[in-house]
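Residue strings, one per chain:
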Amino acid sequence: MGRMSSPTSSQDRPQAHRAGFACFVGRPNAGKSTLTNALVGTKVAITSNRPQTTRHTVRGIVTRPDAQLILVDTPGLHKPRTLLGERLNDVVRTTWAEVDVIGFCLPANEKLGPGDRFIAKELASIRRTPKIAIVTKTDLVDSKTLAEQLIAIDQLGKELGIEWAEIVPVSAVGDKQVQLVADLIAPMLPESPPLYPEGDLTDEPEQVMVAELIREAALEGVRDELPHSIAVVVEEMLPREDRPADKPMLDIHAFVYIERPSQKGIIIGPKGKRLKEVGIKSRKHIEALLGTPVYLDLHVKVAKDWQRDPRQLRKLGF
């Protein structure tokens, strides 16, 4: 990352400003995206109670007077079953090696399992990066269960030779301890001026975020039928011409890709009702994100077995 910084003598600034990257890791559904959103204070990473919906590296940016924390949201690491899975895992490992701090999210309401151990082993092999264990969803358990979980995590670290820089319980939903996570991570970041202008919340291109919002709305009602055989591509986003400056309108044309013709009916629904709902729902979120009225044009297309086809994966942005 090339960055410009002006030479300042150390006397000028009592407390050096820090800036850097952190990523939250953990099994699917461990609360990573919810925590990112709570820290950034805006819906940035896509949260859904569907595992593996965060496909892109979404960065949330937390700007404080003393530090700027850039959150890189990696997809969940899991045992790959498809080519897409393998690609995701490669992305995860390179990300881990490049960030300044790793937060390992473990839900308080589930005992440590093989999935957690799998990730912890991978973490143990990345020696240099400081690691914080973050116990999420503490609002769902009593204090005895929480204490047992904290001890289990401490043990897991000892067993695998991971030295936790911190072990922190949080509830992002109840906003408990969320700022504490930022307070703990900030001193671990390198001294640096801010890397992003204040007011930036994410550096994802808007088109990718819009596609994610549509994808989230499309997954909403079809939980079990189409776990992740949906990809969304925003073909174009154009300001509507001949609109007065104070009443702009953005035209968005997007395709929802599925793997098989039989899935088309599920997405479109009887008489197109479902697709219409997806449009209404995602349009609300998109308008909130972009701060402008939107006309959303959605079409469903079949891209045969895209999860297993390298050419399609490239076209769909993976």
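Residues numbered from 1 in each chain as written. Predicted model: local features only at pLDDT ≥ 70, side-chain atom pairs only at ≥ 80, totals over all residues. Heavy atoms only, no water.

## Let's talk about the overall build of the chain
Put simply, the test is: By definition, any uninterrupted DSSP run of H or I lasting at least four residues is a helix, any uninterrupted run of E lasting at least two residues is a strand, and each is numbered from the N terminus. Exposure is judged per residue with a 1.4 Å probe applied to protein chains only, and the accessible area is read against the type maximum: over 50% gives exposed, under 20% gives buried, and values in between give partly exposed. We call two residues contacting when some pair of their heavy atoms lies within 4.5 Å. Note that accessible areas follow from Shrake-Rupley with a 1.4 Å probe, and for residues the cover is restricted to the protein chains shown.
Per the secondary structure count, the chain includes nine helices and nine strands. By residue count, 48% of the 318 residues in the chain fall in the buried class. Across the chain, contacts joining residues at least 24 apart in sequence account for 71% of those joining residues at least 6 apart. For the chain, the exposed area adds up to about 16100 Å²; of that, 52% sits on carbon and sulfur atoms.

## A word on helix H8 (residues 273–290)
Heads up, the condition is: Here a helix's expected span is defined as the number of its residues, less one, multiplied by 1.5 Å.
For H8, with 18 residues, the first-to-last C-alpha span of 26 Å sits near the 26 Å given by 1.5 Å per residue. On its buried face, H8 is in contact with helix H6 (206–220), strand S7 (230–239), strand S8 (250–258), helix H7 (264–268) and strand S9 (294–302). Positive backbone phi, approximately 65°, marks Gly291, located one or two places after H8.

## Quick notes on the pairing of strand S4 (residues 101–107)
For the record, the criterion: In this scheme, strands are said to pair when DSSP sees at least two bridges between them. Viewed with both strands pointing away, a crossover whose connecting path from the first strand over the helix to the second turns clockwise is right-handed.
Within S4, seven of the seven residues are buried, leaving the element largely enclosed by the surrounding structure. The side-chain alternation of S4 yields two buried faces, one formed by Val101, Gly103, Cys105 and Pro107 and the other by Ile102, Phe104 and Leu106. Where S4 and strand S5 (residues 131–136) come together, six bridges link them in parallel fashion. Along S5, the bridge assignment pairs Gly103 with Ile132. What joins S4 to S5 is helix H3 (residues 114–124), and the crossover it makes is right-handed.

## Description of the packing of aromatic side chains
Under the convention used in this document: Each aromatic pair joins two rings of Phe, Tyr and Trp (for Trp, the six-membered one) with centres within 6.5 Å, and gets the label stacked for planes under 30 degrees apart, edge-to-face for over 60, and tilted for any other angle. Charges are assigned to positions over rings by a cutoff of 6 Å between ring centre and Lys NZ or Arg CZ, combined with an angular limit of 35 degrees from the ring normal.
Counted according to the given criterion, the structure contains two aromatic pairs. A ring pair is formed by Phe255 and Tyr257, whose centres lie 6.2 Å apart and whose planes are at 45°; its orientation type is tilted. One exposure class covers both Phe255 and Tyr257, and it is buried. Positioned above the aromatic ring of Phe255 is the side chain of Lys301, whose terminal nitrogen or guanidinium carbon lies 4.2 Å from the ring centre.

## Topic: unusual backbone geometry
For Lys137, which is not glycine, the phi torsion reads 60° and is therefore positive. The topology assignment puts Lys137 in the loop between S5 and helix H4 (143–160). Positive phi is not limited to glycine here, since Lys271 has a value of about 55°. Here Lys271 lies in the loop between H7 and H8. Note on Lys271: relative accessible area 89%, which makes it exposed.

## Describing the sheet that holds S7
Worth spelling out the cut-off: For helices, the axis comes from a line fit to the C-alpha atoms of the stretch in contact; other axes are also lines fit to C-alpha atoms, and the angle between any two N-to-C directions lies between 0 and 180 degrees.
Reading across from one edge, S7-S8-S9 is the order of the three strands in this open sheet, with mixed pairing throughout. Each end of this open sheet is capped by a strand with a single partner; those strands are S7 and S9. For this sheet, the mean angle separating the axes of adjacent strands, direction not counted, is 20°. Relative to S8, S7 runs antiparallel, the two being bridged by nine bridges. Residue pairing for S8: Glu236 is matched across the bridge by His253. Against the sheet, H6 touches S7, S8 and S9, its axis set at about 130° to S7.

## Observations regarding the nonpolar core
To keep things clear, this is the line we draw: By nonpolar core is meant a set of buried Ala, Val, Leu, Ile, Met, Phe, Trp, Tyr and Cys residues that side-chain atoms within 4.5 Å join together.
Core analysis: the largest hydrophobic core is formed by 29 residues, its most contacted members being Cys23, Val25, Trp96, Ile102, Phe104 and Leu123. At the level of secondary structure, the elements contributing two or more residues to this core comprise strand S1 (18–25), strand S3 (67–73), helix H2 (83–98), S4, H3, S5 and H4. Discounting chain neighbours no more than four positions away, the residues touching Leu123 are Val25, Trp96, Ile102, Phe104, Lys131 and Ile162. By size, the runner-up hydrophobic cluster in this structure holds 25 residues, among which are Val232, Ile252, Val256 and Ile267.

## Quick word on the environment of Lys137
Residue Lys137 is classed as partly exposed on the basis of its relative accessible area of 25%. In the structure, Lys137 is positioned 36 residues away from Val173 in sequence and 7.5 Å away in space, judged by C-alpha atoms. For Lys137, the contacting residues outside a window of four places in its chain are Asn29, Ala30, Gly31, Pro107, Ala108, Asn109 and Val170.

## Some points on the confidence of the model for the chain
Heads up, the condition is: Here pLDDT means the predictor's own confidence in every residue, given as a number from 0 to 100.
In the predicted model, the chain carries a mean pLDDT of 79, and 77% of its residues have values of at least 70. When pLDDT is averaged over each element of the chain, H4 comes out on top at 96 and helix H9 (residues 310–315) at the bottom at 68. pLDDT under 50 marks residues 1–13. Its contacts with residues more than four places away, or in other chains, come to six contacts. The low-confidence segment residues 46–56 (pLDDT under 50) makes 47 contacts with residues lying over four places distant or belonging to another chain.

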